[in-house]
Amino acid sequence: MSSIPGLPTPGSDVQILITRVNSSPLCVLVELWGNFSQGKKAEYQYLAQDIQSPGEIFHEFEGNAGDQCLVQMDNIWYRCRIVSRHGSNYSVFLIDKAWMRSGCSASMLAWGKKEHFLLPPEVEFCVLANVVPLSHGNSWSHTAMEFLKTLPGKSVKAYVQEILVPQRTFLLHIPCISKLMYEMGFAKKLSAEMFKDFVLQSLWSPSEAVVSTETQEMPVRNEPEGPAEQMHKQPFMYPVLPTGTMETVIVTEVTNPQRVFCQLRIFSQELKKLSEQLTQHYEGRLATCNIGPDMLGFPCAARGSDGSWYRCVLQQVFPTNKVVEVLNVDYGMKHFVTVDNVRPLAAEFFRMPVVTYICSLHGITDKGVGWTAAQIDYLRSLLLGKTVIAKFEYQSLWGVHYVTLYGHGNTNLNNLFSSKERGLLECEKSPGDVSKLMCMSAFAEKDEAQKQSKTKMTMQPAVIPAAQNLSATPSEGLRSTGSGISFPTQNSSNESRTAAFMVHMFPIGNALEVNVSCIESPNDFWCQLVRNAGHLKLLMQDMQTYYARSQFHPFVETACVARHPDNGMWYRAHVINRQTPHADVLFVDYGETKTVSLYDLRRICPAFLNLKGQAFRCSLYNPADPTSTTNDWDEEALAQFEDFVNTAASNHVILKCTIYAIRCNEQKVLFNIVDLETPFESVRTRMVALAKSVPPKKASESHSHFNGSYCYSTHNIKTGTEEMVTVTCVNGVNQFFCQLERNADVVEDLTMKLSTLCHQLKNAKPPTKCGTVCFAKYTDGQWYRGGIKAIKATQPSVLVHFVDYGDTLEVDKSDLLPVPREASDIMSVPVQAVECSLSDFPASVPREVNSWFESNAIEHKFRALVVAKEPCGKLLVELYNGKTQLNSTIKKEFQIEMQRQEQVVYRDPKPTSKSFDKESQKKGDLPSEPEIKALPKPADLPSKSLTSGMEADVLVSHCNSPLSFYVQFVREEEDLFSIVEKLNDGQSTRKTIDIKDVHPGDLVQAEFPEDSSWYRAVVREIHGNTMALVEFVDFGNTAMISISKMCRLSKPLLKFPTYSTHCMLSEAAALGKEVVLDPEVVSTFKKDIGNGDKELTCRFIRQSGSVWEVSLEDSGMKVVCKVPTRGPTAFSEIISEKLQQVKEKPDQSATSSQMLPNKSTLCHLKPDFVEGQQLEAYVTAISGAQTFWCQFANSEELDKLTLMVSEVGNAAQHKPVDATSLSHGSPCIALYADDELWYRAQVISKNGDVLSIFFVDYGDRAQVNVRDVREMPPELIETPPQAFLCELEGFNASHGSWDDGAVDALSDLITDKLLQLTVLRVTRGESHIKCFVQVECEGQVINETMKAHWKCFTKFGMLRVAEYLPAASACFVCSSAVKCWCKARILKKLRDSTLVVLDDYDTQMIVNPDSVFETSSDPEQCDDDDHADYGKTSSHMESEGDAATEEDVEGDVALQEEVLCAPTHKTRHVKLKQWRVSSQSTQPPLRMR
């Protein structure tokens, strides 16, 4: 069969994401649409963006059927193909959605580009292979349709059976779906060849037919030829059998235990008469019957091998041989007949209902491996043709009746079959048997066909000397067989006795600290309790001593001690299989299974039985299928799981194990359904994507036995979050139950499903065992999920706990129903009642408090703030009714107080960022250390290596203001949490401190009052004899605590540096404390940096004492102090004030010869700018193609300053300065030779009597003789320079260069013109500030205009900036997040950034447009060496590119003369001189105009 280019070929295995299923029950084929190209998701995203700019809109009557174009729906353009056109109305087919859309007008259609249609459709039309309806009438039943509706969104593995190229149709064999449909009883299987013929018949249409467009028919002719008769779809009638009905039946056909046909014996004579009537009606009758493949499921009359005619349903058609397969509905038998012996069923024969039912033996399953011929033969001998009593237990949703059959002497035939065939499972048990099994701890005999060991021990070294680490696991690199804790069957061998070892059983919802000791797969692994590690260690030591010289003695006990074949150590073990001279044993404290010599087994000393088996068996909780212990994880999932466990072990991180449910698999092996978590990550969260990408569970697993417990869920409730809740049950302030408002729809849907199911089960026998899950009727008459808590033998009632509401009450036994194993959708819903307690209440409160709370809270809605979570899952909450806190109201009403010694003076803005639940963070004992008399100091901790210019991702752990906050490195989170775990180890011994030993500056461990957890801290102040102010060195926040809440730090905890760094924002210092410490500024800053949960990029600039000056970026945007913009008028006020001071101040220069101070004593004040500030200015000097100096357009301050400088320079008492007193950076007043006027200046360098001078109010420079230089009064120094350095934003010198005409072009654009500047970012040097700006002048953006003179370059050749590149273009990217040049594609161009996807990382990121380039060569041809040459990040490039201009006024004369453009100076000063002479110009002075 041909294939379609770019798509899967016939015979290939594929992964397909099902996007849509045909929901019509009359569609015989299971038609679905799926995505084969999940790996090309990014390409389709590019395409979707690109087609949003369509070509020419259709004119009226434009376009023909078959044309490809674009259609607009809901303001979004899609690819489509025109199906038909009627006048101005079009019908189109959406290529990537597989939808038809009619009634489209020409205005909704547009032409697309040719490249828009190169990609194949995103979804393809497929047909589920070999599957057709089993229901009578050849249409899908309601149950089948409900099942098919669950398929969209599932990613499954499929086999491409055929590709029908003309119809572009894929016939997919999807075993995990088709097998489930067969077993659920609403589908039947066709052979691949026959199904293909059937599909071709179904897909023929007038335009595509290869042969006749009519259905291929097989004419049935008898001589002489008569009129043709046509079959019709007409359903048979089936009488409803209520649940629990007992009937005498005749077993007419046995296919397997799940397909047994039972005929009501009371109607057996009527059916014989019916057959006689059919025979009389059809025998010898001449007729023609047209039969085609589209008639499957049609009722008919067929002649049997005995010559009699029977009512049948058409099952298969074989046109070549003119043979059909039919099902005899009254006897359940299938047989092949020729078409000559088939007739349409006359209407009168529908009157008799069908009284033969498809049944399944209740409690019998096949382990998911099918039935052997021997098993089926035995069943047929037991049942076929026999008259038995059938108890109809219940009917499944797909119409199969589950029955228990009884023979002579009331023999339970189900049990008889099960006991005879030992491999069968699940003899009928009441649900109560489950709870009994779960309280036992027996071990099942190991299957003879033991599979090879697979699972490695993940925690410890392979060989461990007996004197060391005796609590180690048996070995490294071992594999488990999967055998483990199970339960005895009725026919266990004599040797399989109840085991001596007891297993751990945990309440649902408990959170335990564990180590993973053995891994088979995420479905099957073993855990140990950390809290018992010490006991196990002692046990192991005693066992090594006890059995060191022991002798072998034959024995029969299954509980024993075995020597491990790899390390020679003795372990407690359980024999699961014995075949001389070896035995298979399970090491009960680790979960590992090994084969050992019988001579390495020893009788176990009774003293070694006291400790429970330390390993308990687990299966990973999968939200996609929480009811199964056999999820289909692939090799990648196993690798991820092992990596998670091994990483935690290597970092000494304790895993938190949350019990979500308890399940027994088909072999009755007990599993705890769990999730494993570190303080940073959940393994379930890590693997959820893998769970979606693997096929769904096998069909045989779909009916998991709910003989365990309900599912627990954390409902993703986090400490510190708020939830809207409804209180459903109140036992007191320390225990009440709530339902989450966001789960209201779940509760409502659950109630409806329960009502429907319980109606079907109303006659079922109620459960009577304690601990059984059940459905129970509440006082309102509705059915709810529950669990039996207690049974009163003398009363007709039981105590039931309603799990979704939390209350417990007595229920009559007649109001209980069992939970059928088919109720998967009901049992998989997590328990909806969330157990809570009001926070900050004592354990015991007066009865009237609980009564008041119950009457005022139950069935009311509240806003609940989650303060903490207990290990058992209970939430400690604060309840709010509007703005009223219920906790406080109760305390005030009843005067309830909690006794506290400590007083908090500062509350960390986010205490939960370092808050740990002590109970869930226990770890093994820390090594004991000799007591140190003197307490350590912070200086005793290792120092952290920080350097200027260093960048890192950080979290702000605590903030006082922009001048004082603390950051933590994201990369150090794991180390920090590890320390906190050790500090909060429940088993470690804390050494208290005497008050006389505590002094300010001491390093201690202190308990933070808000979460009662311990942290490293330094004592800042001592208050009285009991209290101290401490600072938590790893977080930065402070608290006043009792000295009794401080302890000595153990020596191992002094090996780690502090994990918080004290910082201040770089720009904050220039703004002044009055501005920065304004409450509004501080509040806004805290909001911008986040509450400890926002990752920021931190650049360390310089260190001052213990505080680092830093800059922060949030997703590429610089974090700044948001203060009101300071306008030019502020400068006016400063100038006026300084002028007045000059006039009033006596002249001191005449009486004393002062040396001109250098910049170390006096320096110019810096003007300040903030990002986003807009201002008007004129350019005063152009330094290059993108660098220039500006003055504010308002020149009032400059005019006054000029007058002041002229008065000082021309004063007779001012004499030339001594050249030896001048140095680099010295402020002065200098005479400019071209206009002979005095200006403020700064010395750059000197060469004899010639000084290189920089004019601070204009930005230009000159060579001046020392005799033309005067000392500058301090009053003039305090006025900020009037010229500020600007640079066009968007041009990076490391990425390109300017052409020769760039400087002239910039001069023409901005000289003598009013400029509107927008400050985009600011860099601050020691002597100047540079503003990166966007310049607008006379309606044009200068930055954009100057791009015509900019040429990009890299090793790859000439490039173009992303501004000119369309979406989906190939490009190269270099940014701070990427450490080399990377190949990428543009997804979308944003306003000030570009969204790209990196080809080699499959990662999307937002970058500056200046960092995106297109190459003229093919990016795919660039080798690794090419990339290596560009190993600098863009942040490094920018800093290097900026360095040349940031040193303008700081030293290098040659460099500055190269950067500053001298020719512009003379023009400015000539203009100034003309203005000074005429005195009539209205033009502002000192600017180029």
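Residues numbered from 1 in each chain as written. Predicted model: local features only at pLDDT ≥ 70, side-chain atom pairs only at ≥ 80, totals over all residues. Heavy atoms only, no water.

With respect to the overall build of the protein
Scanning the protein from N- to C-terminus turns up 28 helices and 75 strands. Counted over contacts in the protein with a minimum sequence separation of 6, partners at least 24 positions apart contribute 69%. For the protein, the computed accessible surface area is about 67,000 Å², with 50% contributed by carbon and sulfur atoms. (Helix = DSSP H or I, 4+ residues; strand = E, 2+ residues; numbered from the N terminus. Contact = heavy atoms within 4.5 Å. Areas by Shrake-Rupley, 256 points an atom, 1.4 Å probe, with all protein chains shown as cover.)

A closer look at the sheet that holds strand β8 (residues 124–128)
Ordered in space as β1-β2-β8-β11-β10, the five strands form a closed barrel in which the pairing is mixed. This sheet shows a mean twist of 55 degrees between the axes of neighbouring strands, independent of strand direction. (Pairing = 2+ DSSP bridges. Axes fitted to C-alpha atoms, helices over the stretch in contact; angles between N-to-C directions.)

Quick word on the side chain of Asp-589
Looking at the secondary structure, you find Asp-589 in the loop between β29 (582–587) and β30 (592–597). Assessed through its relative accessible area of 1%, Asp-589 is described here as buried. (Buried < 20%, exposed > 50% of the residue type's maximum accessible area, 1.4 Å probe, protein only.)

Quick look at the packing of aromatic side chains
All chains considered together, the criterion is met by 40 aromatic pairs. On the basis of an interplanar angle of 70 degrees and a centroid distance of 6.1 Å, the ring pair of Tyr-357 and Phe-392 is categorised as edge-to-face. Remark: Phe-392 occurs in strand β23 (residues 387–395) and Tyr-357 occurs in strand β22 (residues 356–361); sequence separation between them is 35 residues. With respect to burial, Tyr-357 and Phe-392 carry one shared label: buried. With a centroid separation of 5.1 Å and an interplanar angle of 70 degrees, the aromatic rings of Phe-736 and Phe-853 are classed as edge-to-face. Of this pair, Phe-736 sits in strand β36 (residues 735–740) while Phe-853 sits in helix α14 (residues 847–857), and the two are 117 residues apart along the sequence. (Phe/Tyr/Trp six-rings, centres within 6.5 Å; stacked < 30°, edge-to-face > 60°.)

Re the packing of α14 against helix α15 (residues 886–894)
The axes of two packed helices give the description: the angle between them and the distance between them. Two elements in contact, α14 and α15, have axes whose closest approach is 11 Å; the angle formed by their N-to-C orientations is 140 degrees. For the element pair α14 / α15, the angle class is oblique. Pair α14 / α15 crosses with right-handed handedness. Contacts between α14 and α15 involve Glu-848, Val-849, Trp-852 and Phe-853 from the former and Leu-886, Thr-889, Ile-890 and Phe-894 from the latter. (Parallel < 35°, antiparallel > 145°, perpendicular 65-115°, else oblique. Left-handed = near helix turned anticlockwise from the far one by under 90°.)

Overview of the pattern of salt bridges
The tally for this structure, following the rule as stated, stands at 32 salt bridges. Here Lys-1330 and Glu-1287 are joined by a salt bridge, their closest N and O atoms 3.0 Å apart. Highlighted residues: Lys-1330 in strand β67 (residues 1329–1337) and Glu-1287 in strand β64 (residues 1283–1288), separated in sequence by 43 residues. For the pair formed by Lys-1330 and Glu-1287, the shared burial category is buried. A salt bridge links Glu-1344 to Lys-1347, with the shortest nitrogen-to-oxygen separation between them at 3.4 Å. Owing to a relative accessible area of 40%, Glu-1344 belongs among the partly exposed residues under this scheme. (Salt bridge = Lys/Arg side-chain N within 4 Å of Asp/Glu carboxyl O.)

Overview of the pairing of strand β2 (residues 31–35)
With five of five residues buried, β2 is to be regarded as a mostly interior element. Side-chain alternation along β2 places Glu-31, Trp-33 and Asn-35 on one buried face and Leu-32 and Gly-34 on a second face that is also buried. By the bridge criterion, four bridges tie β2 to β8 in an arrangement that is antiparallel. Across the sheet, the residue bridging to Gly-34 is Glu-124, located in β8.

So, the nonpolar core
In this structure, Phe-195, Val-324 and Leu-383 are the most contacted members of the largest nonpolar core, which totals 73 residues. Residue contributions to this core peak at six residues, all from strand β18 (residues 309–318). Membership of the second largest hydrophobic core comes to 33 residues, among which are Phe-1192, Trp-1298, Val-1322 and Cys-1331. (Core = buried A, V, L, I, M, F, W, Y, C linked by side-chain atoms within 4.5 Å.)

Notes on helix α7 (residues 413–420)
Along α7, the residues that are buried comprise Leu-413, Asn-414, Phe-417 and Ser-418. Angular distribution of buried residues about the axis of α7 spans 140 degrees; they occupy a single face of the element. The elements touched by buried residues of α7 are β22, α6 (373–383), β23 and β24 (401–406). Between the side-chain oxygen of the N-cap and the backbone nitrogen of Asn-414 there are 3.0 Å, and the N-cap of α7 in question is Asn-412. (Arc of directions from axis to C-beta. Polar contact = N/O pair within 3.5 Å; in protein donor to acceptor, adjacent residues only side chain to side chain.)

Re the state of the cysteines
Linking two cysteines covalently via their sulfur atoms produces the bond known as a disulfide. Applying the stated criterion to the full structure yields zero disulfides. With no disulfide of its own, Cys-262 has Cys-359 as its nearest cysteine by sulfur position, at a separation of 3.8 Å. Cys-836 takes part in no disulfide bond, and the closest cysteine sulfur, belonging to Cys-738, lies 4.1 Å away. (Disulfide = S-S within 2.5 Å.)

With respect to helix α1 (residues 41–50)
Looking only at α1, the buried set comprises Ala-42, Tyr-44, Tyr-46 and Leu-47. For α1, the secondary structure elements touched by its buried residues are β4 (76–86), β72 (1382–1389) and β73 (1394–1398).

Side note on the sheet that holds strand β60 (residues 1237–1247)
Spatially, β62-β61-β60-β59-β63 is the arrangement adopted by the five strands of the open sheet, whose pairing is antiparallel. Taken across any chain shown, the strands that pair with only one partner, and hence form the sheet edges, are β62 (1261–1265) and β63 (1269–1270). When strand β59 (residues 1227–1232) meets β60, the two strands line up antiparallel, connected through six bridges. Directly across from Leu-1231, in β60, lies its bridge partner Trp-1238. Sheet strands touched by helix α21 (residues 1196–1210): β59, β60 and β63. Its angle to β60, the strand with the most contacts, is close to 65 degrees.

Let's talk about unusual backbone geometry
We note that His-715 has phi near 55 degrees; this positive angle belongs to a residue other than glycine. Here His-715 shows up in the loop between α11 (683–693) and β35 (722–732). A positive phi is found at Glu-1338, a non-glycine position, where the angle reads about 55 degrees. Note on placement: Glu-1338 falls in the loop between β67 and β68 (1340–1341).

A short note on the packing of α6 against α7
Following both chains from N to C, one finds α6 and α7 inclined at 150 degrees, their axes separated by 11 Å at the closest point. Between α6 and α7, the angle falls in the class roughly antiparallel. Crossing of α6 against α7: the hand is right-handed. From α6, Gln-375, Tyr-378, Leu-379, Leu-382 and Leu-383 reach across to α7, where they touch Leu-413, Leu-416, Phe-417 and Lys-420. A breakdown of the residues in the contact of α6 with α7 according to their chemical character gives seven nonpolar, one polar and one charged. (Nonpolar A, V, L, I, M, F, W, Y, C, P; charged D, E, K, R; others polar.)

As for the confidence of the model for the protein
On average, the protein scores 75 in pLDDT, and the residues at 70 or more come to 75%. By mean pLDDT, the top-scoring element of the protein is β36 (94), and the lowest-scoring one is helix α28 (residues 1463–1478) (32). Confidence drops under pLDDT 50 across residues 692–705; counting only partners more than four residues distant or on other chains, this segment forms 45 contacts. Between residues 899–932, whose pLDDT stays under 50, and residues either more than four places distant or in other chains, the model counts 100 contacts. (pLDDT = per-residue confidence, 0-100.)

Section: the side chain of Glu-1031
For Glu-1031, the position within the fold is in strand β50 (residues 1027–1032). Among the polar contacts made by the side chain of Glu-1031, one reaches the side chain of Arg-1020 at a distance of 3.2 Å. Among residues more than four places away in sequence, those in contact with Glu-1031 are Tyr-966, Arg-1016, Ala-1017, Val-1018, Arg-1020, Gly-1036, Asn-1037 and Thr-1038.

Some thoughts on the environment of Leu-946
Note that Leu-946 resides in the loop between α15 and β46 (951–961). In this structure the C-alpha to C-alpha distance between Leu-946 and Trp-1108, which are 162 residues apart in sequence, comes to 9.4 Å. With near-sequence residues (within four places) excluded, Leu-946 lies in contact with Phe-969, Thr-1061, Phe-1100 and Trp-1108.

Regarding the pairing of strand β39 (residues 797–802)
Burial analysis of β39 places five of its six residues in the buried class, the great majority of the element. Where strand β38 (residues 783–791) meets β39, five bridges bridge the pair, whose relative direction is antiparallel. Among the inter-strand pairings, Ile-788 is bridged to a residue of β39, identified as Val-800. Where β39 hands over to strand β40 (residues 808–812), the hairpin turn is made up of five residues, of which Gly-806 adopts a positive phi near 95 degrees.

Digging into the environment of Met-145
With respect to the element layout, Met-145 can be found in helix α2 (residues 142–148). Taking the C-alpha atoms as reference points, Met-145 and Ser-24, separated by 121 residues in sequence, lie 8.0 Å from one another. Apart from the residues lying within four places of it in its own chain, the contact partners of Met-145 are Asn-22, Ser-23, Ser-24, Pro-25 and Trp-140.

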